[in-house]
Amino acid sequence: MPGHRNGELAARTAEAAPRQGRFKEMYTKLVSTQREWGEPQDWKQSVFRGYAKRLGLDMATFDTALSDRETARRVGDDQRDGLGPGVQGTPTFFVEGTRISTPGSCEAFKALIDDRLSG
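Residues numbered from 1 in each chain as written. Predicted model: local features only at pLDDT ≥ 70, side-chain atom pairs only at ≥ 80, totals over all residues. Heavy atoms only, no water.

Participant: Which parts of the structure should I look at to understand the overall build of the protein?
Facilitator: Along the protein, the regular secondary structure elements total seven helices and two strands. Going residue by residue from the N terminus, the α and β elements of the protein occur as α-α-α-α-α-α-β-β-α. Taken along its principal axes, the extent of the C-alpha atoms in the protein is 50 × 25 × 25 Å. Burial analysis of the protein (119 residues in total) assigns 27% to the buried set. A separation of at least 24 residues holds for 58% of the contacts in the protein among residues at least 6 apart in sequence. Carbon and sulfur atoms make up 52% of the accessible area of the protein, which amounts to about 7800 Å² in all. Measuring between centres, the 18 positive side-chain charges of the protein sit 5 Å from its 17 negative side-chain charges. (Helix = DSSP H or I, 4+ residues; strand = E, 2+ residues; numbered from the N terminus. Buried < 20%, exposed > 50% of the residue type's maximum accessible area, 1.4 Å probe, protein only. Contact = heavy atoms within 4.5 Å. Areas by Shrake-Rupley, 256 points an atom, 1.4 Å probe, with all protein chains shown as cover. Lys, Arg positive; Asp, Glu negative; His and termini not counted. Charge placed at Lys NZ, Arg CZ, Asp CG, Glu CD.)

Following this line, the structure appears as structure tokens:
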């Protein structure tokens with residue numbers, strides 16, 4: 001989201017990893033370490049490059065994908081798609097096109113979906 005200094009870079013990092021077949025691993029790393037990079041206002045590119053190195057990515061390929069215009073376009077498109085319907089942060093959920101309050105648990109989310117499917 002626009003208020004997060006490293007959010008766009010994290011999204012490009014997540015988009016760059018699949019080019020080497022490592023999306024799931026990078027996504028998991030980004031989510032599990034969000035406290036390290038999500039709120040700080042200093043630039044965390046070296047942190048993200050460190051994650052890529054630890055995942056065994058080819059760094060030249062990673063850096064190229066990270067700075068690629070297509071990667072930036074995809075991230076921009078995703079951001080625009082979220083901001084359009086008024087997404088303010090993550091996670092944000094929509095059911096049948098209606099934004100819902102974030103459920104308190106997986107069970108509550110499942111119950112909400114089951115209720116909508118049965119109605």
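Participant: What am I meant to see in helix α4 (residues 45-54) here?
Facilitator: A turn of α-helix holds 3.6 residues, and therefore any two residues three or four places apart point the same way. If you check which residues of α4 are buried, you get Phe 48, Gly 50, Tyr 51 and Ala 52. On its buried side, α4 packs onto α1 (7-16), α2 (23-32), α3 (34-37) and α5 (59-67).

Participant: Which parts of the structure should I look at to understand the packing of α2 against α4?
Facilitator: Between α2 and α4, whose axes approach to 10 Å, the crossing angle comes to 135°. With respect to each other, α2 and α4 are oriented oblique. Both α2 and α4 take part in a crossing whose hand is right-handed. Of the residues in α4, those in contact with Met 26, Lys 29 and Leu 30 of α2 are Phe 48, Tyr 51, Ala 52 and Arg 54. Among the residues making up the contact of α2 with α4, the classes are represented as five nonpolar, no polar and two charged. (Axes fitted to C-alpha atoms, helices over the stretch in contact; angles between N-to-C directions. Parallel < 35°, antiparallel > 145°, perpendicular 65-115°, else oblique. Left-handed = near helix turned anticlockwise from the far one by under 90°. Nonpolar A, V, L, I, M, F, W, Y, C, P; charged D, E, K, R; others polar.)

Participant: Explain the nonpolar core here, please?
Facilitator: Soluble globular proteins: nonpolar side chains tend toward being buried together. Membership of the largest hydrophobic core comes to 17 residues, with the highest contact counts inside it found for Met 26, Leu 30, Phe 48, Leu 57 and Phe 62. Put simply, the parts of the chain that give this core at least two residues each are α1, α2, α4 and α5. For Leu 30, the residues in contact, after removing those within four places along its chain, are Ala 10, Thr 13, Ala 14, Trp 37, Phe 48 and Tyr 51. (Core = buried A, V, L, I, M, F, W, Y, C linked by side-chain atoms within 4.5 Å.)

Participant: Before we go on, may I ask you to explain the pattern of salt bridges in this structure?
Facilitator: Pairs may arise between side chains of opposite charge once their charged atoms sit close together. Using the criterion set out here, one finds 10 salt bridges in the structure. Arg 19 is the partner of Asp 68 in a salt bridge, and the nearest nitrogen-oxygen pair spans 3.2 Å. Note that Asp 68 is positioned in the loop between α5 and α6 (69-83) and Arg 19 in the loop between α1 and α2, a separation of 49 residues in sequence. On the basis of relative accessible area, Asp 68 is assigned to the partly exposed category, the value being 26%. In this structure, the salt-bridge partner of Arg 73 is Glu 70, at a minimum N-O distance of 2.5 Å. (Salt bridge = Lys/Arg side-chain N within 4 Å of Asp/Glu carboxyl O.)

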